[in-house]
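# Descriptive structure summary
Next come the chains, spelled out residue by residue.
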Amino acid sequence: SGAAWPDRRVLLAAFYLSRKHRDAREQGCPLPSSLGELARMPDGFRAVLAEHIELMTALLAGSPEEADQALADIALMVGGLALARALGPGELSDRVLRAAKSAIV
């Protein structure tokens, strides 16, 4: 069972869109820094990425009705983290993290 749908969204966004995750490039999610390269890779790599995104969506959503919102949340988190990492530590980067998080929660 686990946490309810709104709670899962809040918990994941709080972790994913944090300064700690932004600054932990070696231990953090590789998607924000590798998507540009994956787009140029052979179809097999894209298929693995698609499977990963589908799995993440299913784990976050918990039901078919929540799947599109979960997918949107994932896109916002990955894009928000990518932009925050590109900006590096600082006020604008922190604002990006906060803005993306507030759009999810």
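Each remark here, short or long, concerns the structure printed above.
In this report, the structure presented in the accompanying data block is examined. (Residues numbered from 1 in each chain as written. Predicted model: local features only at pLDDT ≥ 70, side-chain atom pairs only at ≥ 80, totals over all residues. Heavy atoms only, no water.)

### As for helix α1 (residues 5-16)
We apply this condition: Put simply, DSSP marks the helices as runs of H or I at least four residues long and the strands as runs of E at least two long, and each gets a number from the N terminus on. What a helix should span is 1.5 Å times the count of its residues minus one. Burial classes: relative accessible area under 20% of the type maximum marks a residue as buried, over 50% as exposed, and values in between as partly exposed (1.4 Å probe, protein chains only). What the arc measures is the spread of directions leading from the helix axis to the C-beta atoms.
For α1, which comprises twelve residues, the first-to-last C-alpha distance of 16 Å matches the rise-based estimate of 16 Å (1.5 Å per residue) to within 8%. For α1, the full list of buried residues reads W5, R8, R9, A13 and Y16. Taken around the axis of α1, the buried residues stretch over an arc of 120 degrees, which confines them to a single face. The outward face of α1, more than 90 degrees from its buried face, is lined by the exposed residues L11 and F15.

### Comments concerning the side chain of S18
Which entries qualify depends on this criterion: Polar contacts, as used here, are pairs of N or O atoms within 3.5 Å; protein pairs need one atom able to donate a hydrogen and one able to accept it. Residues neighboring in sequence count only if both atoms are side-chain atoms.
Within the element layout of this structure, S18 appears in the loop between α1 and α2 (19-23). There is a polar contact of 2.8 Å between the side chain of S18 and the backbone oxygen of F15.

### Looking at the pattern of salt bridges
How we decide: Salt bridges, as used here, are contacts in which a Lys or Arg side-chain nitrogen is within 4 Å of a carboxyl oxygen on Asp or Glu.
For the structure shown, the criterion picks out seven salt bridges. Notably, a salt bridge pairs R22 with D23, separated by 2.7 Å at the nearest N-O pair. According to the relative accessible area criterion, D23 is partly exposed, its value standing at 43%. A salt bridge links R40 to E37; the nearest nitrogen and oxygen atoms lie 2.7 Å apart. Judged by relative accessible area, which is 47%, E37 ranks as partly exposed. By sharing partners, the salt bridges in this structure join R19, R22, D23 and D94 into a single network.

### Looking at the side chain of E66
Note the cut-off: By the convention used here, residues are in contact when the closest approach between their heavy atoms is within 4.5 Å.
By secondary structure assignment, the location of E66 is in the loop between α4 (43-61) and α5 (67-87). Beyond its immediate stretch of four places on either side in the chain, E66 contacts W5, R8 and A61.

### A short note on helix α3 (residues 31-38)
Buried within α3 are the following residues: L31, P32 and L38. End-on view of α3: buried residues confined to an arc of 110 degrees, all on one side of the axis. Lining the buried residues of α3 we find α1, α4 and α5.

Purely spatial values, then, with no claim about function.
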